[in-house]
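Single-letter residue listing:
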Amino acid sequence: MYFVLIILLLFIFPVASAIIEAALSAHTVSIVFLAGKWFVFWAAGVRLFLAGARQVIQPRFTAEEIFDIHDRGSFAIVRELGFANLSMGLLGICSLFRTGWIVPAALVGGLYYGLAGVGHIFHKGKNAKEYMAMISDAFVFLVLLIFLLNTLYS
């Protein structure tokens, strides 16, 4: 289920949303803007919000299934991570209703995904879920970086 959710939230839903909005739009809209908007909503918004909720409610999953840490003492730290993810996720979700929040949400979410991806690179003994997290983190970071650079230089 974890892998399906990652693929849906970090690829299928944002791409489909951008294509649908482009098709339904009465005027020409930059595909880079649409990709950025929808990746911010789905990846930096919905995905981080759901991850945060799970980390707060069920910290065991992140500790044991992602990081292979089997110490209940880690649960407090995972919950703190969950609060951060809830906060970033809410910003990403709200950006759908406040377009001025898209760039700040892309910056915060992109930076988080980039740093988290680098963190996964150096973790020894990765399991399949951590490999998936590392790859998906790098992918979202690159998409949001392209969006931000395009926004900055256009």
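This structure is a prediction, so every number in the text was calculated from the model and none was measured.

**Regarding the pattern of salt bridges**
If the charged atoms of two oppositely charged side chains come close together, the side chains can form a pair.
And then number 1: In this structure the tally under the stated criterion is four salt bridges.
And then number 2: One salt-bridge network, in which partners are shared between bridges, spans Arg60, Glu64, Glu65 and Lys129.

**Considering helix 5 (residues 102-121)**
And then number 1: Between its first and last C-alpha atoms helix 5 spans 28 Å; for 20 residues at 1.5 Å apiece the expected length is 28 Å, and the two agree.
And then number 2: Listed as buried for helix 5 are Ile102, Ala105, Ala106, Gly109, Gly110, Tyr113, Gly114, Gly117 and His120. Seen along its axis, helix 5 keeps its buried residues to an arc of 150°; they face one direction. The exposed residues of helix 5 that point more than 90 degrees off its buried face are Leu107, Leu111 and Leu115.

**Looking at the layout of surface pockets**
And then number 1: The computed volume of the largest pocket comes to approximately 610 Å³.
And then number 2: Breaking the lining of the largest pocket down by element, the ones donating at least two residues are helix 1 (2-24), helix 2 (31-57), helix 3 (59-66), helix 4 (75-94), helix 5 and helix 6 (128-152).
And then number 3: Of the residues contributing to the lining of the largest pocket, the split by class is 20 nonpolar, seven polar and four charged.

**Brief notes about the packing of helix 2 against helix 4**
And then number 1: Between helix 2 and helix 4, whose axes approach to 7 Å, the crossing angle comes to 150°. Considering their axes alone, helix 2 and helix 4 lie roughly antiparallel with respect to each other. When the axes of helix 2 and helix 4 are compared, the crossing they make is left-handed. Packed against helix 2, whose contacting residues are Val40, Phe41, Ala44, Gly45, Val46, Leu48, Phe49, Ala51, Gly52, Ala53, Gln55 and Val56, the element helix 4 presents Val78, Arg79, Leu81, Gly82, Phe83, Asn85, Leu86, Met88, Gly89, Leu90, Gly92 and Ile93 at the interface.
And then number 2: Here the residues of the contact of helix 2 with helix 4 are counted per class, giving 16 nonpolar, seven polar and one charged.

**Considering the nonpolar core**
And then number 1: With 28 residues, the main nonpolar core has Tyr2 and Leu10 as its most contacted residues.
And then number 2: Mapped by element, the contributors of at least two residues to this core are helix 1, helix 2, helix 3, helix 5 and helix 6.
And then number 3: Per element, the largest residue contribution to this core is nine residues, and it comes from helix 2.
And then number 4: The residues touching Leu10, leaving out its near neighbours within four places in the chain, are Phe39, Ala43, Arg47, Tyr113, Ser136, Phe139 and Val140.

What counts, and at which threshold
- Residues numbered from 1 in each chain as written.
- Predicted model: local features only at pLDDT ≥ 70, side-chain atom pairs only at ≥ 80, totals over all residues.
- Heavy atoms only, no water.
- Salt bridge = Lys/Arg side-chain N within 4 Å of Asp/Glu carboxyl O.
- Helix = DSSP H or I, 4+ residues; strand = E, 2+ residues; numbered from the N terminus.
- Expected span 1.5 Å × (residues − 1).
- Buried < 20%, exposed > 50% of the residue type's maximum accessible area, 1.4 Å probe, protein only.
- Arc of directions from axis to C-beta.
- 1 Å grid on protein atoms, 1.4 Å probe; cavity = no way out; pocket = protein on both sides within 12 Å on 5 of 7 lines; lining within 4 Å.
- Points joined across faces, edges and corners; volume = space filled by probe spheres on them.
- Nonpolar A, V, L, I, M, F, W, Y, C, P; charged D, E, K, R; others polar.
- Axes fitted to C-alpha atoms, helices over the stretch in contact; angles between N-to-C directions.
- Parallel < 35°, antiparallel > 145°, perpendicular 65-115°, else oblique.
- Left-handed = near helix turned anticlockwise from the far one by under 90°.
- Contact = heavy atoms within 4.5 Å.
- Core = buried A, V, L, I, M, F, W, Y, C linked by side-chain atoms within 4.5 Å.

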